[in-house]
Number of protein chains: 2
Amino acid sequence: MITGKNYIGKLLSNKGSKKYQTFNPELNQENPVEFTEASSEEIEEAVNLASKAFQEFRFISGTKKAEFLNAIADEILALDDKLVEMYCSETGLPEGRAKGERGRTIGQLRSFANLVEEGSWVEATIDKAQPNREPMPRLDIRKMNIPLGPVVVFGASNFPLAYSTAGGDTAAALAAGCTVIVKSHPMHSGTGELVASAIIKAAEKTGMPNGVFSNLNSSGIEVGQQLVANPKVKAVGFTGSIKGGRALLDLSAKREEPIPVFAEMGSINPVVILPEALANRNAEIAKTYAGSITLGTGQFCTNPGLILGVKSDALSAFVNHLSQEILEIDPTCMLHPNIKKGYNANKEKVASQENVTITANYESDVAYNHAQQAVVSVDGKTFLENSTLHLEVFGPFSMVVQCKNKAELEQVITSLEGQLTGTIISDNDEISNYTNVIAALQNRVGRIIFNGVPTGVEVCESMVHGGPYPASTDSRFSAVGITSIKRWVRPFSYQSWPNNLLPNELKNENPLNIFRTIDGERTKEKL
Amino acid sequence: MITGKNYIGKLLSNKGSKKYQTFNPELNQENPVEFTEASSEEIEEAVNLASKAFQEFRFISGTKKAEFLNAIADEILALDDKLVEMYCSETGLPEGRAKGERGRTIGQLRSFANLVEEGSWVEATIDKAQPNREPMPRLDIRKMNIPLGPVVVFGASNFPLAYSTAGGDTAAALAAGCTVIVKSHPMHSGTGELVASAIIKAAEKTGMPNGVFSNLNSSGIEVGQQLVANPKVKAVGFTGSIKGGRALLDLSAKREEPIPVFAEMGSINPVVILPEALANRNAEIAKTYAGSITLGTGQFCTNPGLILGVKSDALSAFVNHLSQEILEIDPTCMLHPNIKKGYNANKEKVASQENVTITANYESDVAYNHAQQAVVSVDGKTFLENSTLHLEVFGPFSMVVQCKNKAELEQVITSLEGQLTGTIISDNDEISNYTNVIAALQNRVGRIIFNGVPTGVEVCESMVHGGPYPASTDSRFSAVGITSIKRWVRPFSYQSWPNNLLPNELKNENPLNIFRTIDGERTKEKL
């Protein structure tokens, strides 16, 4: 069933010589299938095909695109247990998680299908001609969003379905009318190939041009680099490490034509716990956070890696509670031995810094590639002075920073790099005494949460998943939710264009019955 | 009246040692006032002040921001003849143009004032909690646009009012809630200081924080470089040359935290003339284009620098007509001797390429710094093979490319760099035979025009002024029109946030009575 080959459009191809296998972290052994990394020639073919297919795909109607997206969802579901088994074998994640993530992936595809089928997302805007305006007549101008071109999507290690082959970036780009080339993640190339086969089937069933989608295997960084450097590629979507995302951004910056690189990267997701909440709900908050820190073996981008408070007996008690609670939790498997290795190295690096106290460290033996969760504590001054403490430790780890007072707490927040989320744990009205703290936190994050946990990213229109650099490379866009389609489009104006040659979205008679802004008023009216 | 000093917030300051003067190109002599370039220390002060002021300004209501923007417009009008005289003395442009551009500037300020006073521009989006949703409850999430932070604006040489000190970029950034530091254009620093004084007066009258606006003089590139490299600066707006814009983009790419650089740069604005139109309206089109090419001495970013057609007797006749018509026009003054020098050098460079025929070149003597208009003609093959011919010749110049057939015409269009505009001149239904040509043109431009001229950029919601690189650095945004505010904001989510602490835009009771999207429906309803 799995071939280990690349999809160059609908063609299965393995011209390259570099082979690799994925790894089952639970069994601590390589999976049997041998994957062939895409060769230079295959990469070039995929891009040329994507560029050619774009000339057709960009004019395909919203209704047809919706059929395609829904068909992808159907074909993914039809993969059934094969997909779930492959997912688990390549990630060490449990079946429940695989099914949950599949549900999220399907949900995303269908919500983009609904969006483009309805059609108003193009933000059609019409300013009618005013031939008698003084001193100069106004001409008829009409605007709508159009796709950028072929997009390269880099799959994420930690979301083999929802942020990889047919994940949020791909779904949004296809919905926008962009053709997509996925650089498959080397840790789950089997899952990637299965999902790619579903997309190819869906494309054929719904009559999409060959090349609307390609899937390229890669074990290192070369495939991605060659893709991003190709002049026919017009945008990049990435979910992963700061190092990886920044490398792609730098590569784009060196192109003759720089292109948008939307990378969703690292975040330690600061959580501020206020005194009254600490006094009233100390053990409860500790228990909740022990769960959030270890959720998915701590491998979520919204994992709470930093907990901030003002030094007090209650905060000390909280550190104890959190440390006890987190050690109660059974260790779980990480995605890959390299991820486990990185976790251990980063944890030790941070824990070994001066003035850092390890308050919890799961020390019993664990199964292969399972992560030993840990909590450390440090004072605010040390945190401010040592930037190593600001690094993300990807895994079930969190650091409690005990600030000497409110001012230092604000200073600590201001010193942070950009983050996906910030959370305030507060009781009653105490939050109103922390206006500056909240303002400082807002400056550093894309989403702010009251009395909750940052893990769990709802897929909805009001969600922002992104934030100031390095949470993402462009905070003006979200990676999650239907508005993420805006990353892949540009506005385009038609001036005095004949009505019969306008796209349906902008025709006088509004044949798609979409909402449009006509002379400043949002309406479904005809002209 | 003019001091030659920098505005560091409301403080007039001249600590630097580098002095320069502006130039009157009509009189061919320096203007009397000596300007002091901002020192490193002053640049730092301006940025620190802008950063501090941002912490207050970002929370100021739309109504107050509207007062500020309207007050700027009022204060600019109050400068009256002083401003017009200064403008003319620094640009060589006529009084009518000064007044026209002032009107456009005022109009832009007032339209942003209206936008933020009304308030719906923040795109408030609310997804209500669904506590009983299965398998997981949905939390209350609310989103709106918030400002990025201090923005640096680079004034344009060719629009001393509408795209400089209080021009489109500044108006949009202030409307968004960003504080602004203008790097004044060295060619019109007097105009810049007058407008800056108006902004400072308006800020004081309407109670804005000191540092909401600063104006820094500069004669070279160092002031701009230091500004863009400053970590407290969060975005950049630029209108000017490809070289200048690219340098800023590269500088941003090297920052620890890269920031959005929105640069509107070069464009040669291809115009495609189809055969029937050529047959029916040859002389008329030639006359119209002679006017468009020489408008504002050819110093508009939408100047039609490239005219494309399929080789025919009618096209030859058109070249003759255009060449005759353009020589009928009285030469006019360029903005600065350096611009004239650049015009001559670029014109000669292009005209001296192999197979290029000069069909019109105004050879009589002209007054100081007046530009001698020119038209050249070349075959499609030569144009495709020689990239020097794709360069922008900033000034009253255009090149006619005579393609051997429709396929070569399409190839020529595809070979072009990104452009602000593309124009099709067509009669009756002949355009329907040129689907591929139009599709190719659409791929290369931000705005497409039917039977018109690219010069004249309407300020309205449906306008796109921008396009694929190098027309602009990010084609996803327009530099003109109220949607240009989106360059300076990012979406921000509040999750489960207490109603009384939400910004007014997101409160249950909708106190600002703005349009919001609640569970997917656009409405002014309360919750």
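Residues numbered from 1 in each chain as written. Chains lettered and ligands numbered in written order. Predicted model: local features only at pLDDT ≥ 70, side-chain atom pairs only at ≥ 80, totals over all residues. Heavy atoms only, no water.

Chain A goes by Aldehyde dehydrogenase (NADP(+)) in an unreviewed UniProt entry, where it is assigned to Polaribacter dokdonensis DSW-5.

Undergrad: I'd like to hear about the relation of the copies chain A and chain B, residue by residue, with values.
TA: When chain A is brought onto chain B, the operation consists of a screw motion whose angular component is 180° and whose axial shift is 0.0 Å, with 0.0 Å RMSD remaining. Read as a symmetry element, the transformation amounts to a two-fold axis. Every residue of chain A has its C-alpha some distance from the rotation axis, and the shortest such distance is that of A253(A), at 3.2 Å. A symmetric contact is evident, with 100% of the interface residues of chain A recurring at the interface of chain B. (Least-squares fit on C-alpha atoms with pLDDT ≥ 70 in both. Contact = heavy atoms within 4.5 Å.)

Undergrad: Pulling in residues and values, what's your account of the environment of P25(A)?
TA: All names here are of chain A. Along the chain, P25 falls in the loop between β4 (23-24) and β5 (29-30). Spatially, the C-alpha atom of P25 lies 6.8 Å from that of Y368, the residues being 343 residues apart in sequence. Beyond its immediate chain neighbours, meaning those up to four positions away, P25 contacts S89, E90, T91, G92, C333, M334, L335, H336, Y368 and N369. (Helix = DSSP H or I, 4+ residues; strand = E, 2+ residues; numbered from the N terminus.)

Undergrad: Describe the packing of aromatic side chains, listing the residues and the values that go with them.
TA: Residue and element names in this part refer to chain A. Per the counting criterion, the structure on display carries 18 aromatic pairs over all chains. Judged by centre distance (5.8 Å) and plane angle (65°), the rings of F154 and F238 are edge-to-face. In this pair, F154 is assigned in strand β9 (residues 151-154) and F238 in strand β12 (residues 235-239), connecting sequence segments 84 residues apart. Residue F154 is classed as buried on the basis of its relative accessible area of 5%. (Phe/Tyr/Trp six-rings, centres within 6.5 Å; stacked < 30°, edge-to-face > 60°. Buried < 20%, exposed > 50% of the residue type's maximum accessible area, 1.4 Å probe, protein only.)

Undergrad: Tell me about the domain arrangement of chain A, residues and numbers included.
TA: All names here are of chain A. Structurally, chain A comprises domain 1 (62-265 + 476-487) and domain 2 (270-450). Look at where the C-alpha atoms of domain 1 and domain 2 centre, and you get two points 32 Å apart. Together, N158, M187 and E264 form the three largest contributors to the area buried by domain 1 at its contact with domain 2, with a combined 42%. At the junction of domain 1 and domain 2, the tally comes to zero salt bridges. (Domains from an automatic or database assignment. Buried area = accessible area lost by both parts, 1.4 Å probe. Salt bridge = Lys/Arg side-chain N within 4 Å of Asp/Glu carboxyl O.)

Undergrad: Talk me through a positive patch on the surface; I want residue IDs and the actual numbers.
TA: A cluster of basic residues, R522(A), K524(A), R522(B) and K524(B), forms a positive patch on the protein surface. One can find R522(A) in strand β23 (residues 521-523). (Patch = residues over 30% accessible without salt bridge, like charges linked within 9 Å, V, L, I, M, F, W, Y side chains within 5 Å. Areas by Shrake-Rupley, 256 points an atom, 1.4 Å probe, with all protein chains shown as cover. Lys, Arg positive; Asp, Glu negative; His and termini not counted. Charge placed at Lys NZ, Arg CZ, Asp CG, Glu CD.)

Undergrad: So, the sheet that holds strand β16 (residues 357-361) of chain A: which residues are in play, and what are the values?
TA: Pairing in this open sheet of twelve strands is mixed, and the strands run β16(A)-β17(A)-β18(A)-β15(A)-β14(A)-β19(A)-β20(A)-β21(B)-β8(B)-β7(B)-β22(B)-β23(B) from one edge to the other. Each of the sheet's edge strands pairs with one partner strand only, and the pair in question is β16 of chain A together with β23 (521-523) of chain B. Across the sheet, the mean angle from the axis of one strand to that of its neighbour is 20°, orientation sign disregarded. As paired elements, strand β7 (residues 125-127) of chain B and strand β8 (residues 141-147) of chain B share three bridges and run antiparallel to each other. In the sheet register, D127(B) faces β8(B), and the bridge partner there is I141(B). Relative to the sheet, helix α10 (residues 337-351) of chain A contacts β16, β17 (374-379) and β18 (397-403) of chain A, its axis offset from that of β18(A) by approximately 20°. (Pairing = 2+ DSSP bridges. Axes fitted to C-alpha atoms, helices over the stretch in contact; angles between N-to-C directions.)

Undergrad: Residue-level account of the pairing of strand β11 (residues 213-216) of chain B, with values.
TA: Alternating positions in β11(B) separate into two faces, F213(B) and N215(B) on one and S214(B) and L216(B) on the other, with burial throughout. The β-α-β motif built from strand β10 (residues 180-183) of chain B, the intervening helix α5 (residues 189-205) of chain B and the parallel element β11(B) has right-handed crossover chirality. (Right-handed = clockwise from strand over helix to strand, strands pointing away.)

Undergrad: Summarise the packing of helix α8 (residues 275-294) of chain B against helix α9 (residues 313-328) of chain B; cite the residues concerned and give the values.
TA: All names here are of chain B. One way to put it is that α8 packs onto α9 with a least axis distance of 8 Å and a crossing angle of 35°. As for how α8 packs across α9, the hand of that crossing is right-handed. Along the contact surface, α8 presents L278, N282, A283, I285, A286, K287, Y289, A290, I293 and T294, while α9 presents A314, L315, A317, F318, H321, L322, E325 and I326. Its residues assigned to classes, the contact of α8 with α9 comprises 13 nonpolar, three polar and two charged. (Left-handed = near helix turned anticlockwise from the far one by under 90°. Nonpolar A, V, L, I, M, F, W, Y, C, P; charged D, E, K, R; others polar.)

Undergrad: I'd like to hear about the environment of L93(A), residue by residue, with values.
TA: Residues and elements named next belong to chain A. Within the secondary structure, L93 sits in the loop between α2 (62-91) and α3 (95-118). Linking L93 and E56, residues 37 residues apart in sequence, is a C-alpha distance of 39 Å. For L93, the contacting residues outside a window of four places in its chain are Y87, C88, Q299 and L335.

Undergrad: For the UniProt feature "domain: Aldehyde dehydrogenase" (unreviewed entry) in chain A, give the residues involved together with the corresponding values.
TA: Here the UniProt-annotated "domain: Aldehyde dehydrogenase" (unreviewed entry) positions come out as residues 17-466 of chain A. End C-alpha to end C-alpha, residues 17-466 of chain A measures 38 Å, and it is 44% helix and 18% strand. (UniProt positions renumbered as here; feature names shortened; annotations may be inferred.)

Undergrad: Help me get a handle on empty space enclosed by the protein, residues and values and all.
TA: Residues and elements named next belong to chain A. Counted under the stated rule, the structure contains five cavities of 30 Å³ or more. Taken as a whole, the largest cavity spans an internal volume of roughly 100 Å³. Along the walls of the largest cavity sit 14 residues, with I268, G305, L391, E392 and V393 positioned nearest its centre. Residues that form the lining of the largest cavity fall into these classes: eight nonpolar, five polar and one charged. Roughly 90 Å³ of volume is contained in the second largest cavity. (1 Å grid on protein atoms, 1.4 Å probe; cavity = no way out; pocket = protein on both sides within 12 Å on 5 of 7 lines; lining within 4 Å. Points joined across faces, edges and corners; volume = space filled by probe spheres on them.)

Undergrad: Outline the pattern of salt bridges, supporting the account with residue identities and numerical values.
TA: All names here are of chain A. Inspection of every chain in the model, using the stated rule, returns 50 salt bridges over all chains. Salt-bridge contacts for K18 lead to E37; the nearest nitrogen and oxygen are separated by 3.9 Å. Note that K18 is positioned in the loop between β2 (11-13) and β3 (19-20) and E37 in the loop between β6 (35-36) and α1 (40-57), a separation of 19 residues in sequence. Residue classification places K18 among the partly exposed residues on the basis of a relative accessible area of 40%.

Undergrad: Give a description of the interface of chain A and chain B that names residues and reports values.
TA: Contact residues are listed per partner, giving 68 residues for chain A and 68 residues for chain B. At the junction of chain A with chain B, the criterion picks out six salt bridges. Across the pair E123(B) and K486(A) runs a salt bridge, and its minimum N-O distance is 3.5 Å. Scanning the region where chain A abuts chain B turns up 45 residue pairs in polar contact (both at pLDDT 80 or more). Looking at the side of chain A that touches chain B, the elements with two or more residues in it are α1, β7 (125-127), β8 (141-147), α7 (242-254), α13 (435-444), β20 (445-450) and β21 (489-495) of chain A. If one sorts the elements of the side of chain A that touches chain B by residue count, β21(A) sits on top with seven residues. Here the side of chain A that touches chain B is built from residues that sort into 32 nonpolar, 13 polar and 23 charged. Bridge analysis of β20(A) against strand β21 (residues 489-495) of chain B gives three bridges, and the strand direction is parallel. Looking at the pairing, I449(A) lines up with Q495(B) of β21(B). (Polar contact = N/O pair within 3.5 Å; in protein donor to acceptor, adjacent residues only side chain to side chain.)

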